[in-house]
Structures are given as C-alpha cells and as structure tokens.
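Working through the structure, step by step
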Amino acid sequence: MPFNPDAVETVTVDSYGTLVDPSAAVDALDDHVEATDSISDVWRTKSIEYTMIGNFVDGYQPFYDMNRDALRYALAAHDVDLADDVVERILSVYHELEVFDDVTDGIGRLVDGGYPVYVVSNGNPEMLDSMVAHADIGGLIEDTVSAHEVETFKPDAEIYRHAAARTGTPIESIAHVAGPSFDIQGSMHAGMQGVRLDRTGEPWGTYGPEPDLTVGSFHEFADALGV
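Conventions we followed
Residues numbered from 1 in each chain as written. Predicted model: local features only at pLDDT ≥ 70, side-chain atom pairs only at ≥ 80, totals over all residues. Heavy atoms only, no water. Helix = DSSP H or I, 4+ residues; strand = E, 2+ residues; numbered from the N terminus. Rg over C-alpha atoms; globule rule 2.2 N^0.38 Å. Contact = heavy atoms within 4.5 Å. Areas by Shrake-Rupley, 256 points an atom, 1.4 Å probe, with all protein chains shown as cover. Lys, Arg positive; Asp, Glu negative; His and termini not counted. Charge placed at Lys NZ, Arg CZ, Asp CG, Glu CD. Buried < 20%, exposed > 50% of the residue type's maximum accessible area, 1.4 Å probe, protein only. Pairing = 2+ DSSP bridges. Right-handed = clockwise from strand over helix to strand, strands pointing away. Axes fitted to C-alpha atoms, helices over the stretch in contact; angles between N-to-C directions. Arc of directions from axis to C-beta. Core = buried A, V, L, I, M, F, W, Y, C linked by side-chain atoms within 4.5 Å. Patch = residues over 30% accessible without salt bridge, like charges linked within 9 Å, V, L, I, M, F, W, Y side chains within 5 Å. Salt bridge = Lys/Arg side-chain N within 4 Å of Asp/Glu carboxyl O. Phe/Tyr/Trp six-rings, centres within 6.5 Å; stacked < 30°, edge-to-face > 60°.

**Focus: the overall build of the chain**
If you tally the helices and strands in the chain, you get nine helices and eight strands. For 227 residues, the compact-globule estimate of 2.2 N^0.38 gives 17 Å, and the chain sits close to it at 17 Å. Along the longest, intermediate and shortest principal axes, the C-alpha atoms of the chain span 55 × 35 × 30 Å. Residue pairs in contact within the chain that sit at least 24 positions apart in sequence constitute 65% of those at least 6 positions apart. Surface exposure of the chain reaches about 10300 Å², of which carbon and sulfur atoms provide 48%. Positive and negative side-chain charges in the chain, numbering 11 and 42 respectively, have mean positions lying 3 Å apart.

This is the structure:
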C-alpha cells in the first residue's frame, strides 16, 4: 500500500543503525583482532538469529546478553580467544554510539510538526537509556519501549502492539521507521505503516511486502509528512 501521511499520529523509530551508528563496535574489534569485518558480520548475524530463536523456544534474555553470546560465537568461529574483560570493553561501546547527522534536526522537525516520537527497540532499558543520553536526544524522544518489557524480540507482533499501547495510539496510526527488513515487515504485519530508512543503498530483499515508504534520512521522512 502507498504511504498515507494523513493516517499518522505517532512515529516510532528503531535504535541501532537508525538513530545511532553501530560501526564503532567494529572499530573496537580492530584493537584486538584481525579479520574484523568477517567477525563483525558473523556477530551481527548471530545476534539477530539468537533473538529470533529465543522468541520461538521461550529463551528470552536481555539483548545485551544475546549480543555477548553472539560476539563470543563470532570470535570462536574465527579461532579468536579474548579475555572476558576485553569482550566486555568491546560490548560497552554500545553505550557510547554516535548519533547520525540527520537525527537531531530531522526528528526535531517531526516533533515540531506535532508528532510524538518513541524509540521501539530490542535493546534492554539500560542500553536505551545510555543511547538516548549519549546521543543527547532526550528532549526529542517521548519515551523508549524495550523488548525487555514484554520479553520478546522483533519481529514478533507483540512488541509492536505493546508499543502502540504504551503510546496510546491506534496501531494503524503509527509509522515505524527502521532499517532492517525484518523490523519493517514486523511492524507492517502488526498493523503499522512501515518506513524504510535506507542509509546504505542496499537492495530490498526479495521476500515479503515492500515498505510503505522508503527514505534516505529523517529529513526525507519529515518531507513526506509535510512538516
């Protein structure tokens, strides 16, 4: 379906890769390992895989712990053995990620246009609190909604429905902005309008419906809403 700006009352946004840049975690790996790109690719893939498996086997644990398990797997797969304190230092970078250039002013336009903006993320509350504080966007974000509140991860429809309840908005009146296809499709399946924030220029996957809207920045999204 084409994007319907008139239906939007509330905006929800993903966190990592949407608001803040997780590439600093790759830089942290550089200080300790070789084949950094390969390890980081496995780390990211396993992190997503573990959350989805956890949804189906009732194996929930906070995302920070999922991320640690995924990193340890990626290191082991490349025959790399790091001390526990080094692993924790690499993981701690997730508390200090830099905000993308378009976020502050772009979300500011949404807020000035009358749209409350909420973060909806797999990240656990401590991660989201530090992300908002470090990015200095606390004055723009209405609140954060964590998977930890319902102990299930995206793209389970429950987290999007929970977010709608938290925002006090009918789910069909929410536009969800994210990068990963599984997040966009999950939000659309739950009843939201799905907005792809394409920062990389990668092709959309061949599986599942197209996003309701694709933009390259929060400014383009603000333009689509007419604010």
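**Concerning the pairing of strand E4 (residues 117–121)**
In terms of residue burial, E4 counts as a mostly covered element, since five of its five residues are buried. Residue alternation in E4 divides its side chains into two sets, Val117, Val119 and Ser121 and Tyr118 and Val120, and both sets are buried. In this structure, strand E1 (residues 10–13) lies alongside E4, joined through three bridges in parallel fashion. Looking across to E4, one finds that Thr12 is bridged to Tyr118. Regarding the hand of the β-α-β motif, the stretch spanning E4, helix H6 (residues 125–135) and strand E5 (residues 143–146) is right-handed.

**Topic: the sheet that holds strand E7 (residues 193–197)**
Across the sheet, which stays open at both edges, the six strands sit in the order E5-E4-E1-E6-E7-E8 with parallel pairing between neighbours. Among the strands making up the open sheet, the edge pair consists of E5 and strand E8 (213–215). Looking at each pair of strands side by side, their axes are set apart by 25 degrees on average, direction ignored. Those strands touched by helix H7 (residues 157–167) are E1, E4, E5 and strand E6 (174–178), and its axis lies near 150 degrees from that of E5.

**Quick word on helix H4 (residues 84–92)**
Taken as a whole, H4 has its buried residues at Val86, Val87, Ile90 and Leu91. The arc enclosing the buried residues of H4, seen along the axis, measures out at 140 degrees, which places them on a common side. Where H4 is buried, its residues touch helix H1 (23–30), helix H2 (36–57) and helix H3 (63–77).

**Looking at the environment of Val145**
Within the fold, Val145 resides in strand E5. As for Val145 and Leu29, which are separated by 116 residues in sequence, their C-alpha atoms are 29 Å apart. Setting aside residues up to four positions removed in sequence, Val145 forms contacts with Val119, Val120, Ser121, Leu128, His162, Ala163 and Arg166.

**A word on the nonpolar core**
Ranked by size, the top nonpolar core spans 67 residues in total, and within it Val11, Leu19, Trp43, Leu110, Phe218 and Phe221 carry the most contacts. Here this core gets seven residues from one element, more than from any other, and that element is H3. Not counting the four nearest positions on each side in its chain, Trp43 is found in contact with Ala25, Leu29, Asn67, Ala70, Leu71, Ala74, Ile90, Leu91 and Tyr94.

**Things to note about the side chain of Ser130**
Relative to the helices and strands, Ser130 resides in helix H6. On the basis of relative accessibility, which here comes to 17%, the residue Ser130 falls in the buried class.

**Digging into the environment of Pro180**
As for its position among the elements, Pro180 is in the loop between E6 and helix H8 (181–190). Residues Pro180 and Gly17 lie 163 residues apart in sequence; the distance between their C-alpha atoms is 8.6 Å. If we skip the residues at most four places from it in the chain, Pro180 touches Asp14 and Arg44.

**Focus on a negative patch on the surface**
A surface patch of like charges, here negative, comprises Asp27, Asp30, Asp31, Asp37 and Asp41. Within the residue set of the negative patch, elements represented by two or more residues are H1 and H2. One can find Asp30 in helix H1.

**A short note on the packing of aromatic side chains**
Under the criterion given, the structure shown has five aromatic pairs. Between Tyr16 and Tyr94 the ring centres are 5.5 Å apart and the planes differ by 70 degrees, which places this aromatic pair in the edge-to-face class. Taken together, the positions of Tyr16 in the loop between E1 and strand E2 (20–21) and Tyr94 in the loop between H4 and strand E3 (98–99) put the pair 78 residues apart, joining distant regions of the chain. Judged by relative accessible area, Tyr16 falls into the buried class, the value being 11%.

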